[in-house]
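Here is what each chain is made of, one letter per residue.
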Amino acid sequence: MRISDLFRTASFRLAVLFAFAVTAATTVIFVFIYWHVATFDVRRVGVRLSDEVARAAAEPDDQLRRQLRRRLASDLRKLDYVGLFDARGKSVFGNVAALPEGLPIDGAPHPIEVAPLGGGSGTEPALLAARQRPNGGVVLIGRSLYEVYALRRLVIRALALGVAPTILSALIIGLIFSLRTVKRLRSINEAILRIIQGDLQDRLPVGPWKDDVDNIASGVNLMLDEIVRLLDQIKSVSDNIAHDLRAPLSITRMSLERGLAAPAEKDLRAAANRALAELDRALTTVTALLRISEIELGRRRHEFVPVDLAEVCATAFELYEPLAEAKSISFTLDAGRPVPLSGDHDLLVEAVANLIDNALKFGPENGVVCVSASVVSGRAEVAVCDNGPGVDPSESGEIFKRFYRSKSARSIPGTGLGLNLAATIFSLHGLDLKVADNHPGARFVASQRLPASS
Ligand SMILES: Nc1ncnc2c1ncn2[C@@H]1O[C@H](COP(=O)(O)OP(=O)(O)O)[C@@H](O)[C@H]1O
Ligand SMILES: [Mg+2]
């Protein structure tokens, strides 16, 4: 991995941004503290000094000396400057030997370098205010700025010492995070490449942190699971289609071959009829498959109009009455009240017809088949029941899959597509198709789904 790759990562840029933000915030705080220490405090002391010196200048000599003496006695930290000078500028009292050069005698505070109070060499900063007295002398009051200046230096040092490590540690943390991110993204990238190259069983690595990258990786893994499942489904459907078309096509081919080889024309005709019947079977399968995908695409939803499910059941019922009669089945319809729904009338008839077809086909001769449409708890419901062999609970989910036919049904003609078609049509209309035990027999019920909000 190149170092430039690292600098390009979002986490590193974020770390740099963070370092800048922290530096800016720290600087603002320090600038405020500095301003308070350096300016605000000095100004406050200055105001007090000019007040004091104004008052002192007006005091009589002995009283002023007493006050100044008291002031010096209570100044344990040796911060106060006090001086009384006669008209010629000679010191007559206080701890300031001579009037500092350059100090205006105007009663206002001025920062000035003076000899340190505690003795010693050099000078130290102080704020001094001097004022003329009525006797011609001068009174001087001041305060050392030594502590203030020391505090200023401390603030500047703290700022320098605080900001540099902050920037450095933010950058180091950023680098560590970037390294981690780059490593994770690289392993994800490698997994994606393996998947693109055809290893559909591979999955993106998901760490234990459950952070946003992990969440995305888990989402992609779920998507891959679903894609694999769908691919398997498509494969099994296409296998089934091939299998289901192969039987009628090979029977057709065989019949025609035999017919052509037979000497009599009547044998040829019989073979042609047989071939025709098998081709019809193949066509039924293909037509049903095409219908299912057409309906699944929902192309007809925009053609929905108000329909009455009771009337739909009656239409399907009439279609199958002759067949029921031929099998001596007691065939009843219970759809006296309108069951309004928005939908496609012909598709719904096709769905109900498929359920009736199964009931008549799998039910015994002299059996019982009933068809009903009703509104239950405000929801439309269609039911078709029989007293045939029923559906084993282990198969109650399977029978709705394409081409699924239970073992017991394989002697009875069929494609295994009818229930899938019916379920798809009902689903398009917001109805769920389920099978229950009819004690004995099967009871297929399609009932309207509850609205998503409730
Ligand atoms: N009324 C029923 N009674 C018993 N089994 C049924 C009934 N309806 C459907 N089945 C089972 O469900 C399977 C799928 O039904 P369907 O999709 O209509 O296919 P087909 O009718 O072509 O067999 C049937 O093969 C059968 O095993
Ligand atoms: Mg069927």
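Within an unreviewed UniProt entry, the label attached to the protein chain reads histidine kinase, and the organism entered is Methylocella silvestris. According to UniProt, the comment filed for the protein chain under the heading Subcellular location (unreviewed entry) is "Membrane". What UniProt states about the protein chain under its Catalytic activity (unreviewed entry) heading is, verbatim, "ATP + protein L-histidine = ADP + protein N-phospho-L-histidine."

*Asks:* I would appreciate a short explanation of the layout of surface pockets in the present structure.
*Replies:* Summary: where empty space remains is shown by rolling a probe the size of a single water molecule over the atoms. When its volume is computed, the largest pocket comes out at roughly 920 Å³. Contributing to the lining of the largest pocket are 35 residues, with Asp357, Asn358, Lys361, Phe362 and Gly414 lying nearest its centre. Every element with two or more residues in the lining of the largest pocket is listed here: α6 (265-296), α8 (345-362), α9 (418-428) and β12 (442-448). Of all the elements, α8 adds the most residues to the lining of the largest pocket, at seven residues. Looking at the lining of the largest pocket residue by residue, the class counts come to 15 nonpolar, eleven polar and nine charged. Per-domain counts for the lining of the largest pocket show at least three residues from each of domain 2 (212-296) and domain 3 (302-448). Taken as a whole, the second largest pocket encloses approximately 400 Å³ of empty space. Every residue lining the second largest pocket is counted, 15 residues in all, and those nearest its centre are Gln233, Phe400, Lys401, Arg402 and Asn420. Breaking the lining of the second largest pocket down by element, the ones donating at least two residues are α5 (212-261) and α9. Considering every element that reaches the lining of the second largest pocket, the biggest residue donor is α5, with five residues. When the residues that make up the lining of the second largest pocket are grouped by side-chain class, the tally is seven nonpolar, five polar and three charged. Of the domains in this structure, domain 2 (212-296) and domain 3 (302-448) are the two that each give at least three residues to the lining of the second largest pocket.

*Asks:* It is not clear to me how the state of the cysteines should be interpreted in this structure. Could you clarify?
*Replies:* Under the criterion given, the structure shown has one disulfide. Residue pairing for cysteine 370: its cysteine sulfur links by disulfide to cysteine 385, the two sulfurs lying 2.4 Å apart. Its S-S torsion of approximately -50° makes the covalent link between cysteine 370 and cysteine 385 left-handed. Of this pair, cysteine 370 sits in strand β9 (residues 368-376) while cysteine 385 sits in strand β10 (residues 379-386), and the two are 15 residues apart along the sequence. Under the relative-accessibility criterion, cysteine 370 is labelled partly exposed at 24%. The buried category is assigned to cysteine 385, whose relative accessible area is 7%. A disulfide-free cysteine, cysteine 313 has its sulfur positioned 11 Å from the sulfur of cysteine 370, the nearest such atom.

*Asks:* Any chance you could explain the site of ligand 1 here in plain terms?
*Replies:* What surrounds ligand 1 is a group of 20 residues, the closest being Asn358, Arg405, Ser406, Thr415 and Leu419. Lysine 361 places a polar side-chain atom, nitrogen or oxygen, 2.8 Å from an oxygen atom of ligand 1. Between ligand 1 and arginine 405, the relevant distance is 2.7 Å, taken from an oxygen atom to a side-chain nitrogen or oxygen of the residue. Burial of ligand 1 by the protein chains amounts to 97% of its free accessible area of 530 Å².

*Asks:* Could you clarify how one ought to interpret the packing of α8 against α9 in this entry?
*Replies:* How two helices pack is summed up by the angle between their axes together with the distance between the axes. Packing of α8 against α9 brings their axes to within 9 Å, and their N-to-C directions diverge by 145°. Here α8 and α9 pass one another in a crossing that is left-handed. For the pair α8 and α9, contact is made by Leu347, Leu348, Glu350, Ala351, Val352, Asn354, Leu355 and Asn358 and by Gly418, Leu419, Leu421, Ala422, Ile425, Phe426 and Leu428, respectively. For the contact of α8 with α9, the residue count by class is eleven nonpolar, three polar and one charged.

*Asks:* Honestly, the nonpolar core in this entry has me stumped. Any pointers?
*Replies:* Here is a general trend for soluble globular proteins: nonpolar side chains tend to be buried in one another's company. Counting 52 residues, the largest nonpolar core has Leu309, Val352, Ile356, Phe426, Leu433 and Phe444 as its most contacted members. Looking at this core, the elements with two or more residues in it are α6, α7 (309-326), α8, β9, β10, α9, β11 (431-437) and β12. Per-element accounting of this core gives the leading share, ten residues, to α8. No fewer than three residues from each of domain 2 (212-296) and domain 3 (302-448) sit in this core. Listed in part, the 18 residues of the second largest apolar core include Val37, Val42, Ala129 and Ile141.

*Asks:* Would you take a moment to explain the packing of aromatic side chains for this structure?
*Replies:* Geometry of an aromatic ring pair is reported as the spacing of the ring centres plus the angle between the planes. Tallied over the entire structure, the rule returns four aromatic pairs. Look at phenylalanine 32 and tryptophan 35: their rings are 6.2 Å apart centre to centre, the planes differ by 35°, and that puts the pair in the tilted class. Residue phenylalanine 32 and its partner tryptophan 35 are located together in helix α2 (residues 10-58), separated by three residues, close to a single helical turn. Both rings, one in tryptophan 35 and one in phenylalanine 40, keep their centres 5.8 Å apart while their planes meet at 35°; by these two values the pair is tilted. By relative accessible area, phenylalanine 40 is classed as partly exposed at 33%. An aromatic cluster is built from Phe32, Trp35 and Phe40, whose rings are joined through pairwise contacts. Looking at arginine 152, its charged tip hangs above the ring of tyrosine 149, at a distance of 4.6 Å from the centre.

*Asks:* Quick question: what am I supposed to make of the pattern of salt bridges here?
*Replies:* Opposite charge on two side chains makes pairing possible when the charged atoms of those side chains draw close. Within this structure, the stated rule accounts for 23 salt bridges. The salt bridge involving aspartate 225 is made with arginine 203; its shortest N-O contact spans 2.8 Å. Of this pair, aspartate 225 sits in helix α5 while arginine 203 sits in the loop between α4 (146-196) and α5, placing them 22 residues apart in sequence. The residue aspartate 239 makes a salt bridge to lysine 235 at a minimum N-O spacing of 3.1 Å. With a gap of four residues between them, aspartate 239 and lysine 235 both fall in helix α5, about one helical turn apart. We classify aspartate 239 as partly exposed; its relative accessible area is 41%. Put simply, Arg48, Glu52, Arg71, Asp80 and Arg143 are held in one network by salt bridges that share partners.

About the criteria used
Residues numbered from 1 in each chain as written. Chains lettered and ligands numbered in written order. Predicted model: local features only at pLDDT ≥ 70, side-chain atom pairs only at ≥ 80, totals over all residues. Heavy atoms only, no water. UniProt positions renumbered as here; feature names shortened; annotations may be inferred. 1 Å grid on protein atoms, 1.4 Å probe; cavity = no way out; pocket = protein on both sides within 12 Å on 5 of 7 lines; lining within 4 Å. Points joined across faces, edges and corners; volume = space filled by probe spheres on them. Helix = DSSP H or I, 4+ residues; strand = E, 2+ residues; numbered from the N terminus. Nonpolar A, V, L, I, M, F, W, Y, C, P; charged D, E, K, R; others polar. Domains from an automatic or database assignment. Disulfide = S-S within 2.5 Å. Buried < 20%, exposed > 50% of the residue type's maximum accessible area, 1.4 Å probe, protein only. Near = heavy atom within 4 Å. Polar contact = N/O pair within 3.5 Å; in protein donor to acceptor, adjacent residues only side chain to side chain. Areas by Shrake-Rupley, 256 points an atom, 1.4 Å probe, with all protein chains shown as cover. Axes fitted to C-alpha atoms, helices over the stretch in contact; angles between N-to-C directions. Left-handed = near helix turned anticlockwise from the far one by under 90°. Contact = heavy atoms within 4.5 Å. Core = buried A, V, L, I, M, F, W, Y, C linked by side-chain atoms within 4.5 Å. Phe/Tyr/Trp six-rings, centres within 6.5 Å; stacked < 30°, edge-to-face > 60°. Lys NZ or Arg CZ within 6 Å of the ring centre and 35° of its normal. Salt bridge = Lys/Arg side-chain N within 4 Å of Asp/Glu carboxyl O.

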